[in-house]
Amino acid sequence: MSELESEAMEAEFGPVAGWTEEAVRALGPEHAVPAGCRGSGREAALRWLADRLALTPDSRVLDDGAGVGGPAGWLAAERGVRAICVEPMHAAARAAHRLFGLPSVAAVAQELPFTDAAFDAAWCLGVLCTTSDKAGALAELRRVLRDGGRLGLLVFVADRPLPPPLPEGNDFPAEEELRELLDAAGFRLGETATADLGDSPPEWAERADAVDAEVARRHGDDPRWQEAQEQSARVGRLLADSALRPWLGVTEAR
Ligand SMILES: C[S@@+](CC[C@H](N)C(=O)[O-])C[C@H]1O[C@@H](n2cnc3c(N)ncnc32)[C@H](O)[C@@H]1O
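Every value quoted in this text rests on a predicted model; they were computed, and no experiment measured them. (Residues numbered from 1 in each chain as written. Predicted model: local features only at pLDDT ≥ 70, side-chain atom pairs only at ≥ 80, totals over all residues. Heavy atoms only, no water.)

1. Digging into the overall build of the protein
Within the protein one finds 10 helices and 7 strands. Dimensions of the protein along its principal axes, counting C-alpha atoms only, are 50 × 40 × 35 Å. For the protein, buried positions account for 54% of its 254 residues. Expressed as a percentage of contacts within the protein between residues at least 6 apart in sequence, the contacts between residues at least 24 apart total 78%. (Helix = DSSP H or I, 4+ residues; strand = E, 2+ residues; numbered from the N terminus. Buried < 20%, exposed > 50% of the residue type's maximum accessible area, 1.4 Å probe, protein only. Contact = heavy atoms within 4.5 Å.)

2. Some points on the sheet that holds strand S5 (residues 145–158)
Pairing is mixed in the open sheet, where 7 strands are placed in the order S3-S2-S1-S4-S5-S7-S6. Here the strands that pair on one side only, and so sit at the sheet edges, are strand S3 (104–105) and strand S6 (187–194). Across the sheet, helix H5 (residues 70–79) is in contact with strand S1 (61–64), strand S2 (84–86) and strand S4 (119–125); its angle to S4 comes to roughly 135°. Contacting S5, S6 and strand S7 (244–253), helix H8 (residues 175–185) runs over the sheet at an angle of about 150° to S6. (Pairing = 2+ DSSP bridges. Axes fitted to C-alpha atoms, helices over the stretch in contact; angles between N-to-C directions.)

3. Concerning the site of the ligand
In the vicinity of the ligand there are 22 residues, among which Arg38, Gly65, Glu87, Ala109 and Leu125 approach most closely. One of the side-chain N or O atoms of Thr130 is found 3.5 Å from a nitrogen atom in the ligand. When the ligand sits alone it has 590 Å² of accessible area, and the protein chains cover 95% of it. Here the residues of the shell around the ligand sort into 11 nonpolar, 9 polar and 2 charged. (Near = heavy atom within 4 Å. Polar contact = N/O pair within 3.5 Å; in protein donor to acceptor, adjacent residues only side chain to side chain. Areas by Shrake-Rupley, 256 points an atom, 1.4 Å probe, with all protein chains shown as cover. Nonpolar A, V, L, I, M, F, W, Y, C, P; charged D, E, K, R; others polar.)

4. So, the pattern of salt bridges
Inspection of the entire model under this criterion finds 22 salt bridges. Overlapping salt bridges bring together Glu22, Glu214, Arg217 and Arg218 as one network. (Salt bridge = Lys/Arg side-chain N within 4 Å of Asp/Glu carboxyl O.)

5. A closer look at the nonpolar core
One finds Leu62, Trp123, Leu138, Leu151 and Phe187 to be the most contacted residues of the largest nonpolar core, which totals 82 residues. The greatest single-element share of this core, amounting to 8 residues, is contributed by S5. Excluding residues that lie within four positions of it along the chain, Leu151 makes contacts with Leu53, Ala122, Trp123, Cys124, Leu138, Leu141, Leu145, Phe187, Gly249, Val250 and Thr251. (Core = buried A, V, L, I, M, F, W, Y, C linked by side-chain atoms within 4.5 Å.)

6. A few points about the packing of aromatic side chains
For any pair of aromatic rings, the description rests on two quantities: the centre-to-centre distance and the angle between the ring planes. Counted by the stated rule, this structure contains 1 aromatic pair. Measuring from centroid to centroid gives 4.9 Å for Phe114 and Phe119, while their planes differ by 90°, and the two rings are edge-to-face. The two residues Phe114 and Phe119 agree in class, both being buried. (Phe/Tyr/Trp six-rings, centres within 6.5 Å; stacked < 30°, edge-to-face > 60°.)

7. Quick word on the pairing of S7
Remark: a regular strand shows side chains that alternate across the two faces of the sheet. With 8 of 10 residues buried, S7 lies mostly within the body of the structure. The sheet contact formed by S5 and S7 spans 9 bridges and is antiparallel. When the sheet's bridge partners are listed, Val155 is paired in S7 with Trp247.

8. A look at the layout of surface pockets
Of the pockets and cavities examined, the second largest pocket occupies roughly 190 Å³. If you go around the second largest pocket, you meet 15 residues; those closest to its centre are Glu30, Val33, Pro34, Trp204 and Arg207. Elements represented by at least two residues in the lining of the second largest pocket include exactly helix H3 (32–36), H5 and helix H9 (202–219). For the lining of the second largest pocket, the element with the highest residue contribution is H5, accounting for 4 residues. Its residues placed into classes, the lining of the second largest pocket shows 9 nonpolar, 1 polar and 5 charged. (1 Å grid on protein atoms, 1.4 Å probe; cavity = no way out; pocket = protein on both sides within 12 Å on 5 of 7 lines; lining within 4 Å. Points joined across faces, edges and corners; volume = space filled by probe spheres on them.)

9. Looking at the pairing of S5
Most of S5 is tucked away: 10 of the 14 residues are buried. With 6 bridges connecting them, S4 and S5 associate as parallel partners. Following the sheet pairing, Leu125 is matched in S5 by Leu154. With helix H7 (residues 134–144) bridging S4 and its parallel neighbour S5, the resulting β-α-β unit is right-handed. (Right-handed = clockwise from strand over helix to strand, strands pointing away.)

Here it is, written out as C-alpha cells:
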C-alpha cells in the first residue's frame, strides 16, 4: 500500500483510474466528464457548488483529491475556470492531465505542495470520507486558501452506526463532527444541502455506464476491478438505504 488507507481504495482509485482513462480514449471524449466523476456523483451537485464559490474567470481554484479530474473538467467546460488538480494516485493524477489538459499534481491533501493563500477557491469532493486525518486535510485547505476564500465540500456523512458490509478504508463522519472539524480548521459554514445523486442528464449515466462496461470488458477478470466494484456497490447500498447521506456545504475561510 502506498498513500491511501486500504488496499481496496488503492485499487478503486489507482488502477481503475488508469483503466477509466483507457476506456474514455476508446469510446470518445464526451465520456470523460461523466466517467471521470468518481464520487462527486452528478452534475446537479457540481452546479450547486460552483454557483456558490464566487468564481470569476481569473479565480485560482484547487480541486483537492481530484481523482481522474471529471469535476474539474466539468468546471473548465461549463464555467471556464481551470482548476489545479491534486490527487495522490499517480494514475488518476495523470488521467486528469491527459483527459482534460488540466494542471495536475500527485500529492495528499495533508501535504499540499502550494504556498499559503495560493487559491481563491477550492472544492474537495468525496475525499474527506476516504481519509481518517480530516483535520490535517482541512488545515492544509485553510492554509492554501486566502482569507475569505470559499471551500465547497461533498462529504458522505453517517449519522448513525452503519450496517455491514462496509466499504474498506472509508471513514464517514457524522454531520456534527464535520461541522466541528470545519470550525476548528478556521472555516465558517454557509449553505448546506443534500445532493441529489439522481439528477443528471440521461446521457451522463449512459456514458458513465458505457465506460464501466468497457473497463469490465478489458479488465473484468482482474481482482482489482472486482474489488473496486464491490467497494462502490457497498457505498451504493448504504446510500440507497439512506444510511449514508451525500452532504454538500459551502464554507468561507475566516
Ligand atoms: C471518491 S473519490 C472522488 C474523486 C473526485 N473528487 C471526484 O469527485 O470524482 C476520492 C478520491 O480521494 C482521493 N484521496 C484519498 N485519500 C486522499 C488524501 N489523503 N488526500 C487527497 N486525496 C485523497 C482518492 O485517491 C480518490 O481519488
